[in-house]
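# Tertiary structure, described
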Amino acid sequence: MKKLVYISFLSFLAFSCTKDFEEINTNPTNPTKKIAERDGVNVSGYLGTIQNQIIPTRVIGGTNLYQTSINMMGDSYVGYMAPPINKWNNGRTMITGYMAPWWMNNNYTGMFSNIIGSWRDIKANTIDVDANDVTYKAIYQMAMICRALGVLRATDMYGPLPLSQQGKGLTKVPYDSVEAIYTQLFSELTTAATYLKDFKETYSLPQNIRQNDFYFGGDLNKWIKFANSIRLRMALRIRYVNNAKAKQEAQAALDGGVMEDAGDMAKLQTNERLVVLNCLEQIANSYQDTRLGATLLCFLKGYQDPRLNVYFKLNPTENPDGYRNQTNLEGIRAGFMGKKDYLGFGYPNVTENTPTYVMKPSEVYFLRAEAKLFDLTNDTKTDEQLYKEGIAMSFRENGVSAGGYDSSTNAPAAYNDPLDSANNQGAPSEVTVKYTGTQEEKLEKIITQKYLAIFPDGHEAWTEWRRTGYPRQVVPVEYNADATHGNTIKPTAQTKGVRRAIYPETEYQGENRENVLKAVELLGGVDNCNTHLWWDVNPNTR
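Residues numbered from 1 in each chain as written. Predicted model: local features only at pLDDT ≥ 70, side-chain atom pairs only at ≥ 80, totals over all residues. Heavy atoms only, no water.

### Digging into the overall build of the protein
Check the secondary structure of the protein and you find 21 helices and 6 strands. Sequence separation of at least 24 residues holds for 74% of the intrachain contacts in the protein that already meet a minimum separation of 6. Accessible area for the protein stands at about 21600 Å²; split by element, carbon and sulfur atoms hold 48% of it. (Helix = DSSP H or I, 4+ residues; strand = E, 2+ residues; numbered from the N terminus. Contact = heavy atoms within 4.5 Å. Areas by Shrake-Rupley, 256 points an atom, 1.4 Å probe, with all protein chains shown as cover.)

So this is what it looks like as structure tokens:
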């Protein structure tokens, strides 16, 4: 009976109140497509997804991806962290150059394919709906900045990727060279920053987009600085292979405005509307799979750097397992063999709600310092001023006092393994903090301090180590890999080692096999970990 009455009532409304029917009977918590498009509801979720994919968070279930693409690779290659127990593949992991197929499939999908998929979703719900809508175009350009950073990280890991023909309905997408990808990303970042600059002069973003922007809460000034800061990072990346292009792009990025203040930082963090859980916390505490690395310990300990106790903490007293030093933090030299238990070494000092840092202003100061040192920009500040501002900014980012740190002549410490003295190694470098020396010595100081500032972004630190050879590393104890799985050449403090990740089996076995084989030709004919990428030509790293 109630059902019949309800139908009758709706019939009455259909004849007597047709003018207001749609408005009255629209559930505000389940908006129509028209309202969703108008308010940005249909794209805010996709924007949040791509933001959480660049450096994976638990919002997208990204802990395993974070572990295999960052923690077991970059973090370990630059000595940020290392696993406390050898438990994978009889001691063979990506840490020592062993690229297991399932890890490579996971990394390629997560770092590249999924980001492209999220970009396609945003494109389908913005400019594909109405290419002339100014707000849609603004949202799309925000997504393009995210895509640019995601693709940058992926190409810096793999090399050639199928990028330029994406979104054209192809099932077999050709690969582009690293040089072509960089050229495309420079252009896309320029377009995005220019459009957002013009857009904000007249328009504003829908409230739903502002509220669900994980990075900047819809602040377009910060988005523009973000785009230009990525562009500056890329300009320095290509300095050794194309100095003229690096100079052009670095100056244009600086002219457009880059990150300068702590509030400009791009990060993902839980707030009153959004919940973002940190992947590293789960890897360190739930999985018990990562601890303080030897190289990072040597630099922070030798410099008497207070960030050591910000980044890491002593073994919790409630965990009695393994070696435990309750006075001093201890670090692990990667590649140790056997069944030693390093669980009691330095714990990453993270909680579920610790921010996931995407890009820090301190990095940008070090980028500017290098650019000025090598005459890429007409920055009004000197390279020494920018170097010192980078240090000061990092200390502010971490809530500690710099004091006279930037004039310190302390040197890195030697590495001592309290469980096995055979793993001991002398100090990886003699570089001090005080900004003195030759141009190359100053570069080592800039990159070393950038390495300390951008923690825990091991992917970027690894990329910069490949580019510059800095900071010099405590080398792995052993290198247990084979040519089939990617790598046989053990790294030195500055050279060799893993230069890239190999392509996944899914590319060779799927519809795109023909194109991935052409990508290998772009690499020089061999898909292994020892191949230097296009920008990786510094003679000091050969």
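There is more to say, and it comes next.
### Looking at the nonpolar core
Judged by nonpolar contacts, the single largest core of 148 residues is most densely connected at Tyr-215, Trp-223 and Phe-226. Examining the composition of this core, we find that 15 residues originate from one element, helix α8 (residues 134–158), more than from any other. The residues contacting Trp-223, other than those within four sequence positions of it, are Gln-51, Met-142, Ile-145, Cys-146, Leu-196, Asp-213, Tyr-215 and Phe-216. (Core = buried A, V, L, I, M, F, W, Y, C linked by side-chain atoms within 4.5 Å. Buried < 20%, exposed > 50% of the residue type's maximum accessible area, 1.4 Å probe, protein only.)

### Here we look at the pattern of salt bridges
Per the counting criterion, the structure on display carries 29 salt bridges. The salt bridge involving Asp-156 is made with Arg-237; its shortest N-O contact spans 3.0 Å. Of this pair, Asp-156 sits in helix α8 while Arg-237 sits in helix α11 (residues 220–237), and the two are 81 residues apart along the sequence. Comparing Asp-156 with Arg-237 shows no difference in burial state: the two are buried. Between Arg-237 and Glu-464 there is a salt bridge, with the nearest N and O atoms lying 2.9 Å from each other. Of the two residues, Arg-237 sits in helix α11 while Glu-464 sits in helix α19 (residues 458–468), which places them 227 residues apart along the sequence. Looking at Arg-237, the relative accessible area reads 0%, which means it is buried. Assessed through its relative accessible area of 4%, Glu-464 is described here as buried. (Salt bridge = Lys/Arg side-chain N within 4 Å of Asp/Glu carboxyl O.)

### Thoughts on the packing of helix α16 (residues 361–373) against helix α17 (residues 383–397)
For the pair α16 and α17, the least separation of the axes is 8 Å and the interaxial angle reads 170°. Overall, the two elements α16 and α17 adopt an arrangement that is roughly antiparallel. Judged by residue contacts, Pro-361, Ser-362, Tyr-365, Phe-366, Arg-368, Ala-369, Lys-372 and Leu-373 of α16 engage Asp-383, Leu-386, Tyr-387, Glu-389, Gly-390, Ile-391, Met-393, Ser-394 and Glu-397 from α17. Grouping the constituent residues of the contact of α16 with α17 by class yields 9 nonpolar, 3 polar and 5 charged. (Axes fitted to C-alpha atoms, helices over the stretch in contact; angles between N-to-C directions. Parallel < 35°, antiparallel > 145°, perpendicular 65-115°, else oblique. Nonpolar A, V, L, I, M, F, W, Y, C, P; charged D, E, K, R; others polar.)

### As for the side chain of Ser-429
Looking at where Ser-429 falls in the secondary structure, it is placed in the loop between α17 and α18 (439–453). Assessed through its relative accessible area of 5%, Ser-429 is described here as buried. There is a polar contact of 3.0 Å between the side chain of Ser-429 and the backbone nitrogen of Val-431. With sequence-adjacent residues up to four places away left out, Ser-429 is seen in contact with Phe-299, Pro-412, Glu-444 and Arg-472. (Polar contact = N/O pair within 3.5 Å; in protein donor to acceptor, adjacent residues only side chain to side chain.)

### Observations concerning the environment of Ala-392
With respect to the helices and strands, the residue Ala-392 is situated in helix α17. Along the backbone, Ala-392 and Tyr-405 are 13 residues apart, and their C-alpha atoms lie at a distance of 9.0 Å.

### Focus on helix α13 (residues 279–286)
The buried count for α13 comes to 6 of 8 residues, which makes it a mostly enclosed element. Listed in full, the buried residues belonging to α13 are Cys-279, Leu-280, Glu-281, Gln-282, Ile-283 and Ala-284. As for α13, its buried residues are in contact with α5 (63–71), β1 (81–82), β3 (291–292) and β5 (347–348). With a side-chain oxygen positioned 2.8 Å from the backbone nitrogen of Leu-280, the residue opening α13 is Asn-278. Phi turns positive one or two residues past the end of α13, at Gln-288, with a value near 55°.

### Some details on the side chain of Glu-397
As for its placement among the helices and strands, Glu-397 is situated in helix α17. Put simply, Glu-397 is tucked away with no salt bridge, and the nearest opposite charge, on Lys-360, sits 4.8 Å away. Separated by 2.8 Å, the side chains of Glu-397 and Ser-362 make a polar contact. Sequence-distant contacts of Glu-397, that is, excluding residues within four places in its chain, are made with Met-265, Lys-360, Pro-361 and Ser-362. (Lys, Arg positive; Asp, Glu negative; His and termini not counted.)

### Side note on the packing of aromatic side chains
In total, this model carries 27 aromatic pairs according to the counting rule given. Relative to Tyr-158, the ring of Tyr-108 has its centre 5.4 Å away and its plane inclined at 80°; by these criteria the two rings are edge-to-face. A residue pair is termed long-range when its members are at least 10 positions apart, and Tyr-108 in helix α7 (residues 101–125) and Tyr-158 in helix α8 qualify at 50 residues. Comparing Tyr-108 with Tyr-158 shows no difference in burial state: the two are buried. Each ring, one from Phe-312 and one from Phe-455, has its centre 5.4 Å from the other, and the planes form 50°; the classification is tilted. One end of the pair, Phe-312, is in strand β4 (residues 312–313); the other, Phe-455, is in the loop between α18 and α19, and 143 residues separate them in sequence. (Phe/Tyr/Trp six-rings, centres within 6.5 Å; stacked < 30°, edge-to-face > 60°.)

### Points about the environment of Tyr-323
Structurally, the position occupied by Tyr-323 is in the loop between β4 and β5. Residues Tyr-323 and Gly-344 lie 21 residues apart in sequence; the distance between their C-alpha atoms is 4.9 Å. What Tyr-323 contacts, discounting residues up to four positions off in sequence, is Glu-330, Asp-341, Gly-344, Phe-345, Pro-418 and Leu-419.

### Some details on unusual backbone geometry
Trans is the prevailing form of peptide bonds, just as negative phi is the prevailing case for residues other than glycine. The step from Phe-455 to Pro-456 runs through a cis peptide bond, and the omega angle for that step is 10°. Within the secondary structure, Pro-456 sits in the loop between α18 and α19. The omega torsion across Tyr-470 and Pro-471 is -5°, close enough to zero to call that bond cis. Positive phi values are uncommon outside glycine, yet Gln-288 reaches one of about 55°. On the secondary structure map, Gln-288 appears in the loop between α13 and β3. The residue Lys-496 is not glycine, and still its phi comes out positive at about 60°. A residue is classified by how much of its surface remains accessible, and Lys-496, at 38% relative accessible area, is partly exposed.

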